[in-house]
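Examination of the molecular architecture
Chain residues, written in single-letter form:
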Amino acid sequence: MKQERLTKILLSAVAAALLAAGGIPLYRHRHFQVPIVLGPGVTRIERLSAYSPGIAGTSADTWVFVLEGKEPGGRAVVIADTHANEPAGYLAAMILIENAVPEKGTLTVIPVFNNSASRNTRPGDGYPLYYEIPTEWGPKKLRMGNRDASPLDQWPDPDVYIHYPEKQMLSWIDIRNTNRTWPGRVDGPLMERVTFGAMELMRREKTDVAVDLHGAETMFPVTNCIVAPEKSSKIATLASLTVKAVEGFDNHVEPSPAGFRGLSHREIGDYSTTAPFLLEAPIPFLDQPTGPKTTKLLLDGKDPFLLSLAAKKKLFVSYDESGWPMDKRVGQHLSVTLEILRQFSKKNPGRDMVIRGVPRYADVVKNGIGRYLHDPRKAGSGRVIEN
Ligand SMILES: [Zn+2]
């Protein structure tokens, strides 16, 4: 009897130790804050809950950075971390916040759109919890998130997610995927309230252009492209042709399917006057047949299995020993975004936007992302936001 009790106590202690060893890193990751330096163009910051009160005080609420030009003009919203495991968009958004200076028009940036997902991970796939970008002032440590919001914030999941308001039946997990819950509703599940907040922001501010930054597998046909509905397709085509001719990288246009509901490139256009664009940059890290999911693979995109698949023509992008470095992906996102705004401005005098200070593709490839991320210790008082 005595020995049985001792065994139980010992096993309980082992279980508690395993729980702590596994749980503490996840707890720290969920609460890890990244400093964002407010660049010279940032004139105002607000919370998304200003447009969707149902997310106030929850981990779904997130920062909105507003960069207003001296002259009035058009309005653009850039969204990143809709999928928080596709970090090229997030890094591009950080570069915009820390460097962009609009001379005309207003640029609004939401760098961590799914804040809950950015504090979630995928242990079964061996995701790293953090990655680092080298800068002149030392490495900048960032959270690696997941595709979906954390079940700690929105749970339980249904068997089938019935999209609102189109009633299309989607996979159960998509109820926590902020690229299936557009246009959302004020009192829906938490992630529908997040997308509702962005819709309200765009409707109230009469936003002209929305750019949603993503990454997609090299084995997925919709990669290295701009996804655009009918109302955005002309500008998307002009932007795609211009970056190819002037900056030398491929970025084709994919039509937004009208029958597939819940996606930003579909619902933003259908439920507001805004023209949406979804940008996909290749992310070899997310492909299934790769080696271990290391931070090295996340940053350089080099993988021997993808290389042999490229030789068999199984990939939808060109791929060689140089992989797909993060600098290239972030540079593409910045150049394509600027080109979309320039093409929109040419066609819409009076709603035009002029934005200075943003590096383009060749700059980021040459100098690295770190050159454009600033030292929070040297920022003026009140010019750093923790997120
Ligand atoms: Zn995505």
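See the structure shown above.
Heads up: these notes are all about the structure in this document.

Criteria and cut-off values
Residues numbered from 1 in each chain as written. Predicted model: local features only at pLDDT ≥ 70, side-chain atom pairs only at ≥ 80, totals over all residues. Heavy atoms only, no water. Helix = DSSP H or I, 4+ residues; strand = E, 2+ residues; numbered from the N terminus. Contact = heavy atoms within 4.5 Å. Areas by Shrake-Rupley, 256 points an atom, 1.4 Å probe, with all protein chains shown as cover. Lys, Arg positive; Asp, Glu negative; His and termini not counted. Charge placed at Lys NZ, Arg CZ, Asp CG, Glu CD. Phe/Tyr/Trp six-rings, centres within 6.5 Å; stacked < 30°, edge-to-face > 60°. Core = buried A, V, L, I, M, F, W, Y, C linked by side-chain atoms within 4.5 Å. Buried < 20%, exposed > 50% of the residue type's maximum accessible area, 1.4 Å probe, protein only. Donors = N, O, S within 2.8 Å, 3.2 Å for Na, K, Ca; no water. Expected span 1.5 Å × (residues − 1). Axes fitted to C-alpha atoms, helices over the stretch in contact; angles between N-to-C directions. Parallel < 35°, antiparallel > 145°, perpendicular 65-115°, else oblique. Left-handed = near helix turned anticlockwise from the far one by under 90°. Nonpolar A, V, L, I, M, F, W, Y, C, P; charged D, E, K, R; others polar. Polar contact = N/O pair within 3.5 Å; in protein donor to acceptor, adjacent residues only side chain to side chain. Salt bridge = Lys/Arg side-chain N within 4 Å of Asp/Glu carboxyl O. Patch = residues over 30% accessible without salt bridge, like charges linked within 9 Å, V, L, I, M, F, W, Y side chains within 5 Å.

1. Some details on the overall build of the protein chain
Counting its regular elements, the protein chain contains nine helices and 15 strands. Sequence separation of 24 or more characterises 74% of the internal contacts of the protein chain that already satisfy a separation of 6 or more. Only carbon and sulfur atoms are counted for the fraction: they give 59% of the accessible area of the protein chain, which is about 16900 Å². Here the protein chain carries 48 positive and 43 negative side-chain charges, and the mean point of each set is 2 Å from the other.

2. Considering the packing of aromatic side chains
Evaluation of the coordinates by the stated rule reveals four aromatic pairs. Ring plane angle 10 degrees and centroid distance 5.5 Å describe the contact between Phe-113 and Trp-182, whose orientation is recorded as stacked. Residue Phe-113 is found in the loop between strand S5 (101–110) and strand S6 (130–133), and its partner Trp-182 is found in the loop between strand S9 (169–171) and helix H3 (190–204); the two are separated by 69 residues along the sequence. Look at Tyr-127 and Phe-285: their rings are 5.4 Å apart centre to centre, the planes differ by 65 degrees, and that puts the pair in the edge-to-face class.

3. Quick word on the nonpolar core
One finds Leu-107, Phe-277, Val-330, Ile-340 and Ile-369 to be the most contacted residues of the largest nonpolar core, which totals 62 residues. Among the elements that line this core, the one with the most residues is helix H2 (residues 87–99), at nine residues. Beyond its immediate sequence surroundings of up to four residues, Ile-369 is in contact with Leu-91, Ile-95, Ile-133, Met-326, Asp-327, Val-330 and Val-364. Tyr-51, Ala-149, Trp-182 and Met-199 belong to the second largest nonpolar core, which has 21 residues in total.

4. With respect to the coordination of the zinc ion
Within the protein, the atoms that donate to the zinc ion are His-83 (ND1), Glu-86 (OE), Glu-86 (OE) and His-214 (ND1), at distances of 2.0 to 2.6 Å. Each donor residue of the zinc ion belongs to the same chain, with the gaps between them written as H-x2-E-x127-H. A residue is classified by how much of its surface remains accessible, and His-83, at 3% relative accessible area, is buried. Since its relative accessible area comes to 5%, Glu-86 is described here as buried.

5. Description of helix H4 (residues 233–247)
Taking 1.5 Å per residue, 15 residues should reach 21 Å; H4 reaches 20 Å between its end C-alpha atoms and fits that length. Lining the buried residues of H4 we find strand S11 (225–228), strand S12 (252–255), strand S13 (275–282), helix H8 (326–347) and helix H9 (361–367). After H4 finishes, the residue Gly-248 shows a positive phi value of roughly 80 degrees.

6. A closer look at the packing of H2 against H8
Contact geometry of H2 with H8 gives a least axis separation of 9 Å together with a crossing angle of 60 degrees. Between H2 and H8, the angle falls in the class oblique. For the pair H2 and H8, the crossing hand works out as right-handed. Along its contact with H2, which presents Pro-87, Ala-88, Gly-89, Leu-91, Ala-92, Ile-95 and Leu-96, the element H8 presents Met-326, Arg-329, Val-330, His-333 and Leu-334. When grouped by side-chain class, the residues that make up the contact of H2 with H8 number nine nonpolar, two polar and one charged.

7. Comments concerning the side chain of Arg-261
Among the secondary structure elements, Arg-261 is positioned in the loop between S12 and helix H5 (264–270). A polar side-chain atom of Arg-261 sits 3.5 Å from a polar atom in the side chain of Glu-166. The contact partners of Arg-261, leaving out residues within four places of it in the chain, are His-163, Glu-166, Gln-168, Leu-170, Arg-180, Arg-266, Glu-267, Asp-270 and Tyr-271.

8. Here we look at unusual backbone geometry
Backbone geometry follows two general trends: most residues other than glycine have a negative phi, and most peptide bonds adopt the trans configuration. Residue Pro-156 is bonded to the preceding Trp-155 through a cis peptide linkage, with omega at 0 degrees. Along the chain, Pro-156 falls in the loop between strand S7 (140–143) and strand S8 (160–162). In this model, Trp-182 is joined to Pro-183 through a cis peptide bond whose omega is -5 degrees. Mapped onto the elements of the fold, Pro-183 is located in the loop between S9 and H3. A positive phi is found at Asp-81, a non-glycine position, where the angle reads about 60 degrees. Turning to its location among the elements, Asp-81 is positioned in the loop between strand S4 (71–79) and H2.

9. Some thoughts on the environment of Ser-256
If you trace the backbone, Ser-256 turns up in the loop between S12 and H5. A residue is classified by how much of its surface remains accessible, and Ser-256, at 5% relative accessible area, is buried. The residues touching Ser-256, leaving out its near neighbours within four places in the chain, are Val-227, Ala-228, Pro-229, Glu-230, His-265 and Arg-266.

10. Looking at the pattern of salt bridges
On inspection of all chains with the given rule, the structure shows 28 salt bridges. Arg-356 is the salt-bridge partner of Glu-103, the closest N and O atoms lying 3.1 Å from each other. Pair noted here: Glu-103 is in strand S5 and Arg-356 is in strand S14 (residues 354–356), with a separation of 253 residues, a long-range link. As a salt-bridge pair, Arg-360 and Glu-339 come within 3.1 Å of each other at their nearest N and O atoms. Of this pair, Arg-360 sits in the loop between S14 and H9 while Glu-339 sits in helix H8, and the two are 21 residues apart along the sequence. On the basis of relative accessible area, Arg-360 is assigned to the partly exposed category, the value being 25%.

11. Quick word on a nonpolar patch on the surface
Among the surface-exposed residues, Val-160, Ile-162 and Met-169 lie close enough to one another that they form a single nonpolar patch of about 300 Å² accessible area. Relative to the assigned elements, Met-169 resides in strand S9.

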